[in-house]
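# Structural characterization, general
Residue strings, one per chain:
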Amino acid sequence: MALPPLLDRGRGRGLALVAMLTLMQGVAAGAAAFATRALFETMHGGDALPFVGLSVLAGAGAIIAMTRIAARYLGEDIGQDYARQIRAALFEHAAHMPASAVAERRAGYVSLRFVGDMTAFRNWLGLGLPRLVAGAVLIPTMLVVLWLLDPVFALAVVPVFGITLLAITLGGMRLIPLHRRLRVRRARIAAEMAERMPLAPQLDRLGRRRKELAQLDKRTEAMIRAALRHRLSAETLNALPDIAAGIAAALVILTGHRAGLGTGNIAAALAVLGLLLSPLRDLGGVWNHRAAFRVAATKAQAALSRQKRDLYRTGQRLPKGPVDVTFENVPLPSGQMLSLHAKGGTKTCLPVGELDARAVRDMLLGLDTPSAGRILLSGIDLRDLSRGSLRRHVQCLSAAPEVLQGSLRRALLMGCDHRPEDATLEQLAREVGLGPLLKRLGGLSGTVLEGGKNLTQTERFALGLARIRLLPPKVLLLGLESDPGDWMRFAVHLGKTGVNVIHMGRAQQAAQVAA
């Protein structure tokens, strides 16, 4: 999957509008330069200042200010839209990846991708490209205005600005490796802090506080060195236009004096140089934004190139009635090959360890796909089922249901096709044993923390049980931590027969489940 095109969804038209606004700035600046010359010549002749000249000068300033604000506003909108599209593309791709592959990504790297890299994408479209367009429009326009004022001015400053642009380009190319090095250092710190912060009290108890602080200080020192090298290069690029402007101003005054041009011409040329300085300064920042974008784009492209799950190929539905589950030579993480036929409406125990149990669960839920062999549900390859059919008919009952931070109402309804009235939902919650939780949280609108951190294991299990009551499955998976008695709670509350129950437990539990 490729990155979204830069100029997609109307962003190309937006940049064209930015170019038009910038051209208006150039025209206004030219008018201001000629008005300045006329006013200086009038003052030199001792005549009264013309109202038209003063009006043009004031109006040009207003136009420049308004068009600049409009161009920056439009650029920000373009950048935000691109960041939104990139963010959606990354999440969409991650949603189609195997759960095991997503779990392997460190939390710090993921957070940097969705925060730091999004800033890089937004800034390139919102600041970098619009300023590049502005420079491409304003710099030639201002040089034309200098030529119209007098060709000697343009001939004097063109070499200076040409050398400056070349220096900015060469220096800007060095920013990419510098920014890549800085990103690596920053990502490492983000990943390690995301891993260690929740464990800070435990690490202190284990006597690792000083070691972890020393490691953090070492990583931070390396990151600071990379940041300073990057900052020095970036600020040097930003300073080059100021040096060029000083030299160009001296040349304008010198050439104007030698050519016998009036103070009005020289003042107008200096005013143009002042307006020319802004896009030149922006070009230094453009390279910085481009470097950040290039590095972020490389990482995002790598993320979007990772293999997706092989699922939902033909969108078939499960037939009515009980569902048979068949594993045909499916390899497990332990190296064992799983071959199993569980008839619909029966109870089966898989005597597997935690790693294999998690793999079996993920494959049956469609969170992962087997590297070999097949999984059949009533003779249909699991990979050929529709998304809705797999979600509705295969569910897992465990003490670790998927929970996002939010209301208890939302936690209960996640994955459900319909939303019952609050009174019905509250009654269901009480039936599965969540009455004390309702009281503790203050009802269905009470907040459940991320991952259900403020729920007990029993409450998390009851939460999953409530979801199953709302969306009864045909295949039920009981997690390794589940007690065989959980099946009895399920059967009593669901009141449904014909469910294929697969309990991933220890061998000694098989007889209890079968009974």
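Residues numbered from 1 in each chain as written. Predicted model: local features only at pLDDT ≥ 70, side-chain atom pairs only at ≥ 80, totals over all residues. Heavy atoms only, no water.

## Some remarks on the pairing of strand 2 (residues 337-342)
Put simply, side chains in a regular strand alternate between the two faces of the sheet. Rule in force here: Any residue under 20% of the maximum accessible area for its type is buried, any over 50% is exposed, and the rest in between are partly exposed; the area is computed with a 1.4 Å probe on protein chains only. Each helix is a run of DSSP H or I of at least 4 residues and each strand a run of E of at least 2, with the numbering of both proceeding from the N terminus. Two strands pair if DSSP finds at least two bridges between them.
Every second residue of strand 2 is oriented toward a common face, the buried set being L338, L340 and A342 and the non-buried set M337, S339 and H341. With five bridges joining them, strand 1 (residues 325-331) and strand 2 adopt antiparallel strand pairing. What sits directly across from F327, in strand 2, is L340. Hairpin connection between strand 1 and strand 2: a loop of five residues separates the two successive antiparallel strands, and G335 in this loop has a positive phi of roughly 100°.

## A few points about the pattern of salt bridges
Heads up, the rule is: Here, a salt bridge means any side-chain nitrogen of Lys or Arg that lies within 4 Å of a carboxyl oxygen of Asp or Glu.
By the definition in use, this model includes 28 salt bridges. A salt bridge links R469 to E431, with the nearest nitrogen and oxygen atoms 2.8 Å apart. Highlighted residues: R469 in helix 14 (residues 457-470) and E431 in helix 12 (residues 422-431), separated in sequence by 38 residues. When salt bridges with common partners are traced through the structure, they connect D310, R313, D381, R383 and D384 into a single cluster.

## Re the nonpolar core
Note the cut-off: By convention a nonpolar core is built from buried Ala, Val, Leu, Ile, Met, Phe, Trp, Tyr and Cys residues, the set being connected through side-chain atoms within 4.5 Å. Any two residues whose heavy atoms approach within 4.5 Å at even a single point are treated as in contact.
Among the nonpolar cores identified, the biggest contains 53 residues, and F121, L146, L149, F153, F161 and L273 are the most heavily contacted of them. Contributing elements (two or more residues each) for this core: helix 1 (11-45), helix 2 (51-96), helix 4 (107-149), helix 5 (151-196), helix 7 (209-258) and helix 8 (263-304). Sorting elements by how many residues they give to this core places helix 8 first, with 16 residues. Those residues in contact with F153, other than ones at most four positions away along the chain, are L146, V252, T255, G256, L261, N265, I266 and A269. With 29 residues, the next largest nonpolar core counts A411, V448, L455 and L470 among its residues.

## Details of the side chain of E212
Mapping E212 onto the fold places it in helix 7. For E212, the contacting residues outside a window of four places in its chain are R196 and L203.

## A few points about the confidence of the model for the protein chain
Worth spelling out the cut-off: The predictor's confidence in any single residue is recorded as pLDDT, a number from 0 to 100.
Per-residue confidence for the protein chain gives a mean pLDDT of 84, with 92% of residues at or over 70. For residues 507-515, every residue scores under 50 in pLDDT, and the model assigns this stretch 11 contacts once sequence neighbours within four places are set aside.

## Concerning helix 7
To keep things clear, this is the line we draw: Between the first and last residue of a helix there are one fewer steps than residues, each counted as 1.5 Å, and that sum is the expected span. Bend is the name given here to the angle between axes fitted to two runs of seven residues, the run ending at a residue and the run starting at it.
Across its 50 residues, helix 7 extends 72 Å between first and last C-alpha, which sits within 8% of the 74 Å expected from 1.5 Å per residue. Considering bend angle alone, the principal kink of helix 7 is centred on N238 and spans about 25°; proline P241 follows within four residues of it. After helix 7 finishes, the residue G260 shows a positive phi value of roughly 70°.

## Considering the packing of helix 7 against helix 8
Operational definition: Axis geometry follows a simple rule: fit a line to the C-alpha atoms, using only the stretch in contact for helices, then measure angles between N-to-C directions, giving values from 0 to 180 degrees. What sets the label is the angle itself: under 35 degrees gives roughly parallel, over 145 gives roughly antiparallel, 65 to 115 gives roughly perpendicular, and the rest give oblique. Less than a right angle of anticlockwise turn of the near helix away from the far helix marks a crossing as left-handed, whereas a clockwise turn marks it as right-handed. In the scheme used here, Gly and all other residues not listed as nonpolar or charged are polar, with Ala, Val, Leu, Ile, Met, Phe, Trp, Tyr, Cys and Pro taken as nonpolar and Asp, Glu, Lys and Arg as charged.
Relative orientation of the contacting elements helix 7 and helix 8 amounts to 165°, with a least axis distance of 9 Å. As far as their axial angle goes, helix 8 and helix 7 are roughly antiparallel. Of the two possible hands of crossing, helix 7 and helix 8 adopt the one that is right-handed. Class assignment for the residues of the contact of helix 7 with helix 8 results in 15 nonpolar, seven polar and two charged.

## Considering the side chain of S386
Using the following cut-off: We define a polar contact as two N or O atoms separated by no more than 3.5 Å, with the added condition that, inside protein, one atom must be a possible hydrogen donor and the other a possible acceptor, whereas residues neighbouring each other in sequence contribute only through side-chain atom pairs.
Looking at the element boundaries, S386 is found in the loop between strand 5 (380-381) and helix 10 (387-393). Among the polar contacts made by the side chain of S386, one reaches the main-chain amide nitrogen of S389 at a distance of 3.1 Å. Each residue touching S386, except ones within four places of it in the same chain, is listed here: Y312, G315 and Q316.

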